[in-house]
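If you want the building blocks of each chain, they are given just below.
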Amino acid sequence: ISHGARYGLDGFALEWLGGAATYRESFDRIFAACEHWNANKPAWATSNFSLIPIIDNGDWAGMASQVALHINSSCMYRVGGRPFISSWGFSGLQWSNETQVKQHIEDYSKVFVPAIKATGFAPDGPFYLPSMYPPNFNAPADLIDQQLILELFPELDGLWTWGCGDTGDVVANASIATVQACDAAKKYAAGPISAPYSPHRSADL
């Protein structure tokens, strides 16, 4: 955190895959380290360091419990007072499976959001930008796909495109389409600054 802040970073996105105890322990320890740094930050640091939880295992009740532990942390990044939450591809769900994803969003709305509001530290609920886009982007269908996601799931505050899960051309197309779709829908969009490398592909990129 100190090195990151020294070189101009404002925070980290912190992935929690649930299930495994190692993720939970690391999640809690990084929040503790961040809070310690914020409370004792050096004179050259002009602002607090922030963390954005990426919650990925699909267990909304368990995720709400984990996030609630840190909901009032000095490190919890907020937008308009709402804690910023992301996830990777709707916890691995393919958005094209409309029934499956609708159930996921319904669980988010009926389980996760009320639990976060109930903490008293987020009366307006979380600010949710999942990273979700269909595989094998082919323009111009990519823009239509992103627009459809936002139409199907108005509960979303927008979309976040990560830059580490596919080849460079796919990430670029996804990023452009996401920004355009969110702009048209008056939603928020977040995009990557990333080297053209993916650990998920065997070919050289």
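For the structure itself, look to the data block above.
Rules of the game
- Residues numbered from 1 in each chain as written.
- Predicted model: local features only at pLDDT ≥ 70, side-chain atom pairs only at ≥ 80, totals over all residues.
- Heavy atoms only, no water.
- Disulfide = S-S within 2.5 Å.
- Helix = DSSP H or I, 4+ residues; strand = E, 2+ residues; numbered from the N terminus.
- Buried < 20%, exposed > 50% of the residue type's maximum accessible area, 1.4 Å probe, protein only.
- Pairing = 2+ DSSP bridges.
- Polar contact = N/O pair within 3.5 Å; in protein donor to acceptor, adjacent residues only side chain to side chain.

Peer 1: Just to check I follow, could you spell out the state of the cysteines for this structure?
Peer 2: Chemically, a disulfide is nothing more than a covalent bond linking the sulfur atoms of two cysteines. In total, this model carries one disulfide according to the counting rule given. One disulfide in the model links C34 with C75; its S-S distance is 2.2 Å. Between C34 and C75 the disulfide shows an S-S torsion of about -115°. By sign, it is left-handed. Separated by 41 residues along the polypeptide, C34 in helix α2 (residues 21–39) and C75 in the loop between α3 (60–68) and β3 (78–79) bring together distant segments of the chain. The exposure class assigned to C34 is buried, which follows from its relative accessible area of 0%.

Peer 1: Sorry, what's going on with the sheet that holds strand β5 (residues 127–128) here?
Peer 2: Whether parallel or antiparallel, the strands of a sheet pair through hydrogen bonds between backbone atoms. The strand order across the open sheet formed by three strands is β3-β4-β5, and the pairing between neighbours is mixed. Where the open sheet ends on each side, the last strands, each with one partner, are β3 and β5. Strand direction decides the pairing type here: β3 and strand β4 (residues 82–85), joined by two bridges, are antiparallel. The residue of β4 that forms the bridge with R78 is P83.

Peer 1: Explain the side chain of S131 to me, please; I cannot follow it from the model alone.
Peer 2: Within the fold, S131 resides in the loop between β5 and α6 (141–152). One polar contact links the side chain of S131 to the main-chain carbonyl oxygen of W160, over a distance of 2.9 Å.

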